[in-house]
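So you can see what is in the structure, the chains are spelled out below.
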Amino acid sequence: GDKYRALHDVITKVGKATFMTNLTTAAGFATFLITGNAMLMEFGLVATLGIITMFFLSVLMVPSIFSYVAAPTEKELKHLDTKFVHKIVEKFVYLVENKRPLIFGATVAIVVLAIIGIRLMHNESFQVDDLPEDNAIYADLKYFEREMGGILPLEISIDTKKKKGLLDLKTIKKIEAIEDSLTSFNCLSHGTSLVDALKLIKRAYYNGNNDFYELPMQTEFITISDYLKGSQGQMTGGGNNIMSAMVDSTFSRARIQLRIADVGTIRMVSVTDSINNIIHHYFPPEKAQIDVTGTSVVFALGSSKLIDNLVQSLVLAIFLISLCMMWLFKSWKMVIISIIPNFIPLIVTAAIMGYCGIRLKSSTILVFNIAFGISVDNAIHLFTKFRQAIEHHNGDIAKSVDEALRETGVSIIYSAIILLCGFLMFCASQFGGTIALGLLVSITLFVAMFTNLLFLPSLLLTFRLKFKGAKDDE
């Protein structure tokens, strides 16, 4: 009933653990700073600063406020004796103490099934991936894809490496052949280039007769090329000459403008490779410089690069969190034992993505960094209590695990419920990335609750490990 003694004990007993849980969660978000993506870097920075700030508010403001208010009444403490939650904790204690082979066997089976599911995952992104199908932008994009082959920009730049190299009819015919070859791609719309301009000029020369919509003959090309040379000054002067969008001022570099459907990052790579092969057939690499670009290509390359960076940030997060736990527990064995139960939920979530056909993309891979940083908090709380109990019980591992599980089980369950409610709110969004984040993080944290309350204590009882320097904590 001593309120001030209670506040003192809370700060001294769980203050370090609270700092470590905030630090590991912040580390999960801070790793977004290495992704190179401005939006993710801002997200990681703001989240990290917010989590660190929350720690100081928790250990300074909350106890200060509680010191001025009245001590909680019996009614306000009633939730601590909730029979339903305590029955769940008691069930966990029974399973850990008496059914460890069953726990290990079930865990192995789940991991095997998870590995099979992970093999079904595939890495692919679409530009309008996260928009609902009834969204106007999504519907309009699909309409243009059906009617015109797509509207996303795809650009081809052909540098002949020769000044006025495009004033050679043979070169123009090669570009025409490339455009004809590209018509075999059903995801591409018809291109626009110098070839089209020359055809239009010839048709205009013959009073708009569509029968003459073709490349000029050699004699005609000489006259037209003189006209093109005359327009060079306008192009250099920065005017709005339409030719400046098709050739450069020296007539050495041509530009083919196309539109492509939102084919996804996997097919985009194959389409780009096929386009390069076609162009190199007419313009060998040693004779011309070819660049296939545009927002569609940049998106595909950017998505692949971002996913690679997010994988690196996840590895970094695991490493940083392991270092933090090593500093707290001073035992690599304890670090390994704590990491494994919190790595299993990540595997299970990845497997669910594989079985359900949820693609690995920038908006779904975020889940693993966030969830791992949060889920490992449960292990820190359980280990901290175990560390205190092992001294109280003179090194008795079984009694220490039992006490740690009973003392922290209720708080782990309550915190899991709160986190699930918070993240599941994201599922009310209409943006696919937000829905995926909320749903997948919730699944990961739900699985992590079981691994930390069943598998982690079972490992402690099986390997009978003690903390180094545990007496220093008393």
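Throughout this description, residue numbers start from 1 for each chain and increase along the sequence as written. In keeping with the model being predicted, local features are shown solely for residues with a pLDDT of at least 70 and side-chain atom pairs are shown and tallied solely at 80 or more, while totals for entire chains, interfaces and linings include all residues. Each side-chain value is derived from all of the structure's non-hydrogen atoms; neither hydrogens nor water enter the calculation.

On to the overall build of the protein. Within the protein one finds 15 helices and three strands. Using C-alpha atoms as the atom set, the radius of gyration is obtained and then compared with a globule rule of 2.2 Å times the number of residues to the power 0.38. The globule rule puts the C-alpha radius of gyration for 474 residues at 23 Å, and the 32 Å found for the protein is more than 25% above it. The dimensions of the protein, computed from C-alpha atoms along their principal axes, are 105 × 50 × 40 Å. Exposed residues in this analysis have more than 50% of their type's maximum accessible area, buried residues have under 20%, and partly exposed residues fall in between, with area computed by a 1.4 Å probe over protein chains only. Scored against the burial criterion, the 474 residues of the protein give a buried share of 46%. For the protein, the share of sequence-separated contacts (at least 6 apart) that also reach a separation of at least 24 residues comes to 76%. Accessible surface, the protein: about 24,600 Å² in total, of which carbon and sulfur atoms supply 63%. In this tally Asp and Glu are treated as negative and Lys and Arg as positive; neither His nor the chain ends contributes. The location of each charge is read from NZ of Lys, CZ of Arg, CG of Asp or CD of Glu. Separation of charge centres in the protein, based on 43 positive and 42 negative side chains, amounts to 6 Å. Helix and strand definitions follow DSSP, with helices as H or I runs of at least four residues and strands as E runs of at least two, each counted in order from the N terminus. Contacts: residue pairs with any heavy atoms within 4.5 Å of one another. Surface exposure here means Shrake-Rupley accessible area, sampled with a 1.4 Å probe, where a residue is shielded only by the protein chains that are shown.

Any pair of Phe, Tyr and Trp rings, taking the six-membered ring for Trp, is counted once the centres come within 6.5 Å. Such a pair is stacked with planes under 30 degrees apart, edge-to-face with planes over 60 apart, and tilted for the rest. Applying the stated rule across the entire model yields twelve aromatic pairs. Arranged with centres 5.7 Å apart and planes meeting at 85 degrees, the rings of Phe-29 and Phe-43 form a pair that is edge-to-face. Of the two residues, Phe-29 is situated in helix H1 (residues 3-30) and Phe-43 in helix H2 (residues 38-68); the sequence distance between them amounts to 14 residues. Residue Phe-29 is classed as buried on the basis of its relative accessible area, which comes to 9%. Classification of Phe-43 as partly exposed rests on a relative accessible area of 33%. Between Tyr-143 and Phe-144, the aromatic rings sit 5.5 Å apart at their centres with planes inclined by 80 degrees, giving edge-to-face as the arrangement.

Where helix H4 (residues 100-118) meets helix H15 (residues 432-463), the closest approach of the two axes is 10 Å, and the angle between their N-to-C directions is 125 degrees. Considered as vectors, H4 and H15 are oriented oblique to each other. For the crossing formed where H4 meets H15, the hand is left-handed. Counted together, Arg-100, Ile-103, Phe-104 and Thr-107 of H4 and Leu-454, Phe-455, Ser-458, Leu-459, Leu-461 and Thr-462 of H15 form the full contact between these two elements. Split into classes, the residues belonging to the contact of H4 with H15 amount to six nonpolar, three polar and one charged. Note on geometry: axes are C-alpha line fits, over the in-contact stretch for helices, and angles between N-to-C directions span 0 to 180 degrees. Here the word oblique covers every angle except those under 35 degrees (roughly parallel), over 145 (roughly antiparallel) and from 65 to 115 (roughly perpendicular). Crossings are sorted by hand: turned counterclockwise from the far helix by less than a right angle, the near helix makes the crossing left-handed, and turned clockwise it makes it right-handed. Amino acid classes used here: Ala, Val, Leu, Ile, Met, Phe, Trp, Tyr, Cys and Pro are nonpolar; Asp, Glu, Lys and Arg are charged; the rest, including Gly, are polar.

Within the patch definition used here, like charges are joined within 9 Å and nonpolar side chains (Val, Leu, Ile, Met, Phe, Trp, Tyr) within 5 Å, considering only residues with over 30% relative accessible area and no salt bridge. A pair is scored as a salt bridge if a Lys or Arg side-chain nitrogen falls within 4 Å of a carboxyl oxygen belonging to Asp or Glu. Taken together, the side chains of Lys-162, Lys-170, Lys-174 and Lys-287 make up a positively charged region of the molecular surface. Its place among the elements puts Lys-162 in the loop between strand S1 (152-159) and helix H6 (169-182).

This paragraph deals with the sheet that holds S1. Whether two strands pair comes down to DSSP finding at least two bridges between them. With antiparallel pairing, three strands are arranged side by side in an open sheet as S2-S1-S3. Every interior strand has two partners, whereas the edge strands, strand S2 (253-260) and strand S3 (289-293), have only one. Taken over all neighbouring pairs, the strand axes of this sheet differ in orientation by 15 degrees on average, direction set aside. One ladder, built from five bridges, connects S1 with S3; its direction is antiparallel. In the sheet register, Glu-155 faces S3, and the bridge partner there is Thr-293.

Where H6 meets helix H7 (residues 194-205), the axes come as close as 9 Å, and the angle between the chain directions of the two elements is 110 degrees. Overall, the two elements H6 and H7 adopt an arrangement that is roughly perpendicular. On H7, the residues touching Ile-172, Ile-175, Glu-176 and Glu-179 of H6 are Leu-194, Val-195, Asp-196, Leu-198 and Lys-199. For the contact of H6 with H7, the per-class residue count stands at five nonpolar, no polar and four charged.

With that settled, the discussion passes to H1. One fitted axis covers the seven residues ending at a residue, a second covers the seven starting there, and the bend at that residue is the angle between these axes. Within H1, the axis deviates most sharply at Val-14, by approximately 55 degrees. A 3.5 Å cut-off defines polar contacts: any pair of N or O atoms within that distance qualifies, except that in protein one atom must be a possible hydrogen donor and the other a possible acceptor, and neighbouring residues in sequence count only when both atoms are side-chain atoms. Looking at where H1 begins, the residue whose side-chain oxygen comes 3.2 Å from the main-chain nitrogen of Tyr-4 is Asp-2.

With that settled, the discussion passes to a nonpolar patch on the surface. Nonpolar side chains collect at one region of the surface, where Met-54, Phe-56, Leu-57, Leu-60, Met-61, Val-62, Ile-65, Phe-66, Tyr-68 and Val-69 lie side by side and expose about 1,000 Å² of accessible area between them. Tracing the backbone shows Phe-56 in helix H2.

So, about the pairing of S1. Side chains on a regular strand alternate between the two faces of the sheet. Among the eight residues in S1, seven count as buried, and that is most of the element. Summarising the sheet, S1 and S2 pair through eight bridges and their orientation is antiparallel. Of the residues in S2, the one forming a bridge with Ile-156 is Ile-256.

Turning our attention to the pattern of salt bridges. When charged atoms on two side chains of opposite charge get close, those side chains can pair. Following the criterion strictly, the structure yields ten salt bridges and no others. One salt bridge connects Lys-142 with Glu-145, and the closest N-O pair in it is separated by 3.4 Å. Within this pair, Lys-142 and its partner Glu-145 are both found in helix H5 (residues 136-148), separated by three residues, close to a single helical turn. The salt bridge partner of Glu-155 is Arg-255, with a shortest N-O separation of 2.5 Å. You can see Glu-155 sitting in strand S1 and its partner Arg-255 sitting in strand S2, a full 100 residues away along the chain. Residue Glu-155 is classed as buried on the basis of its relative accessible area of 14%.

Structurally, His-86 can be placed in helix H3 (residues 83-98). Considering only alpha carbons, one finds His-86 and Val-410, 324 residues apart in sequence, at a separation of 7.0 Å.

Tracing the chain through its elements places Asp-396 in the loop between helix H13 (362-392) and helix H14 (397-424). What makes Asp-396 partly exposed here is its relative accessible area of 28%. Residues Asp-396 and Arg-464, 68 residues apart in the sequence, show an inter-C-alpha distance of 9.3 Å. Polar side-chain contacts of Asp-396 include one of 3.1 Å to the backbone nitrogen of Lys-399.

The subject of this paragraph is the confidence of the model for the protein. Each residue carries a pLDDT value, the predictor's own confidence for that position, ranging from 0 to 100. Scored by pLDDT, the protein has a mean of 83; 94% of the residues are at 70 or more. Model confidence for the protein, summarised as mean pLDDT per element, is weakest for helix H9 (residues 232-236) at 48 and strongest for H4 at 92. Predicted confidence for residues 468-474 stays below pLDDT 50, and this span has twelve contacts to residues more than four positions away or in other chains.

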